[in-house]
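In case you want the letters, here they are:
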Amino acid sequence: MTDSPLTAGGAWARVSVPVSGATSEETAIAIAADIARAFGGQLSFLFAPPDPAELAPWLGEGFMGTVQMAAMDGLKSAAEEAEAVARDAYNDTAYAHKMFLPLKSPVWQCLATETRLSDIVVFGDESARGRGLLSEAFQQVLMEERAGVFIARQPFAVGGTALVAWDGKEPSSRAARRAVPLLKKASKVVVAGAPVGENPADLGKLARYYMLHGLNVEVDILPKSNDLIGTLVEANQRHQAQYMVAGAFGRSRLREFAFGGTTRALLHNTNLNLYMAH
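Below or above, wherever it landed, is the structure these notes cover. Computed from a predicted structure; not experimentally measured.

### A short note on helix 9 (residues 203-212)
Next up, step 1: By the burial criterion, the buried members of helix 9 are Leu203, Gly204, Leu206, Ala207 and Tyr210. Down the axis of helix 9, the sector holding all buried residues measures 160°, keeping them to one side. Facing away from the buried side of helix 9, by more than 90 degrees, are the exposed residues Lys205 and Leu212.
Next up, step 2: Those residues of helix 9 hidden inside the fold are in contact with strand 6 (161-165), helix 7 (170-178), helix 8 (180-183), strand 7 (188-193) and strand 8 (217-221).
Next up, step 3: Of the residues one or two after helix 9, Gly214 is the one with positive phi, at around 85°.

Put into structure tokens, the structure is as follows:
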């Protein structure tokens, strides 16, 4: 951890990226560094090792036999190897104002504490799709901690175009509002939505709100379609947007999981960079 003072940047002072030592986290680390650099903020590597506390219930109570001891030793060895890989990634990240924080057991409780004191948390594609060691952490941070989350899937330019998918409802409005500090770094913000439902959202309302923040805004009224995700992806490509801002899990988590929904489709069926907030 550097002792240098943070540079003057903006509204976000701490950008966190949970890491487990997987090579698939490279894009997330790079984008987290880009965001931290744009704000002159601290980049926090939150190393989440395999947690002995989660293994303990499966080992039986009251004694530690040979099998149990071997399992614990194997977990410890795996954690040490993963931490070495994660520290290499940390050392290779060319950004001065960074810190490496190994999370202690219980890991997920420690992660919750750190993300509550982060302005944005960056995850990779694997975690968003429900795969890898950090998939549960992704759901916890987004759903339980309600942190602003950036899903990093491909290299992006902080100062490029951003697209905000908005339907006027609470989840998308919360994400649209909380993303303002990042949107202020964009060269242009496109507010996109389709005129659906009995009371379709007036996209101009969000555009005028953004203008009060000094943003360069364009409105894109999308065509009605049975394929909302396809329409949003097409709009993102047409505007060459670097990322999309979208609300997360408007319905209950169980219902969203059982019946799909826009959020799950964006996470599982696209390769877009996403900013989400629940």
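So, next bit.
### Comments concerning the sheet that holds strand 2 (residues 42-47)
Next up, step 1: Pairing is mixed in the open sheet, where ten strands are placed in the order 3-2-1-4-5-10-9-6-7-8. Two strands lie at the open edges of the sheet, namely strand 3 (98-102) and strand 8, each paired on one side alone. On average, each strand axis in the sheet is inclined to that of its neighbour by 25°, with strand direction left out of account.
Next up, step 2: Bridge analysis of strand 6 against strand 7 gives five bridges, and the strand direction is parallel. Residue pairing across strands places Thr161 opposite Lys188, the latter belonging to strand 7.

### Digging into the nonpolar core
A general tendency of soluble globular proteins is for nonpolar side chains to be buried together.
Next up, step 1: Residues Ile35, Phe150, Leu183 and Tyr210 are the most contacted members of the largest nonpolar core, which totals 48 residues.
Next up, step 2: The leading source of residues in this core is helix 1 (residues 26-39), at eight residues.
Next up, step 3: In contact with Tyr210, not counting residues within four places along its chain, are Val164, Ala176, Val180, Leu183, Val189, Val191, Leu215 and Val217.
Next up, step 4: Ranked by size, the runner-up nonpolar core spans 35 residues in total, among them Leu222, Ile229, Ala241 and Ala248.

### Topic: the packing of aromatic side chains
Aromatic rings in a pair are described by how distant their centres are and how their planes are angled relative to each other.
Next up, step 1: Under the criterion given, the structure shown has ten aromatic pairs.
Next up, step 2: Ring geometry for Phe123 versus Phe138: centroids 5.4 Å apart, planes at 85°, classification edge-to-face. Here Phe123, found in strand 4 (residues 120-124), pairs with Phe138, found in helix 6 (residues 135-144); they are 15 residues apart in sequence, far enough to count as distant.
Next up, step 3: Accessibility expressed as a relative area gives 1% for Phe123, which makes it buried.
Next up, step 4: The exposure class assigned to Phe138 is buried, which follows from its relative accessible area of 3%.
Next up, step 5: Centroid distance Phe156 to Tyr243: 6.0 Å. Interplanar angle 80°. Geometry classified as edge-to-face. Of the two residues, Phe156 sits in the loop between strand 5 (149-152) and strand 6 while Tyr243 sits in strand 9 (residues 241-247), which places them 87 residues apart along the sequence.
Next up, step 6: Using a relative accessible area of 9% as the deciding quantity, one classes Phe156 as buried.

### What about the packing of helix 4 (residues 107-116) against helix 6?
Next up, step 1: Look at helix 4 against helix 6: their axes get within 11 Å of each other, and the N-to-C directions meet at 45°. It follows from the interaxial angle that helix 4 and helix 6 lie oblique. In the crossing of helix 4 with helix 6, the sense of the turn from one axis to the other is right-handed. On helix 6, the residues touching Trp108, Leu111, Ala112 and Thr115 of helix 4 are Ala137, Gln140 and Val141.
Next up, step 2: Classifying every residue of the contact of helix 4 with helix 6 by side-chain character gives five nonpolar, two polar and no charged.

Criteria and thresholds
- Residues numbered from 1 in each chain as written.
- Predicted model: local features only at pLDDT ≥ 70, side-chain atom pairs only at ≥ 80, totals over all residues.
- Heavy atoms only, no water.
- Buried < 20%, exposed > 50% of the residue type's maximum accessible area, 1.4 Å probe, protein only.
- Helix = DSSP H or I, 4+ residues; strand = E, 2+ residues; numbered from the N terminus.
- Arc of directions from axis to C-beta.
- Contact = heavy atoms within 4.5 Å.
- Pairing = 2+ DSSP bridges.
- Axes fitted to C-alpha atoms, helices over the stretch in contact; angles between N-to-C directions.
- Core = buried A, V, L, I, M, F, W, Y, C linked by side-chain atoms within 4.5 Å.
- Phe/Tyr/Trp six-rings, centres within 6.5 Å; stacked < 30°, edge-to-face > 60°.
- Parallel < 35°, antiparallel > 145°, perpendicular 65-115°, else oblique.
- Left-handed = near helix turned anticlockwise from the far one by under 90°.
- Nonpolar A, V, L, I, M, F, W, Y, C, P; charged D, E, K, R; others polar.

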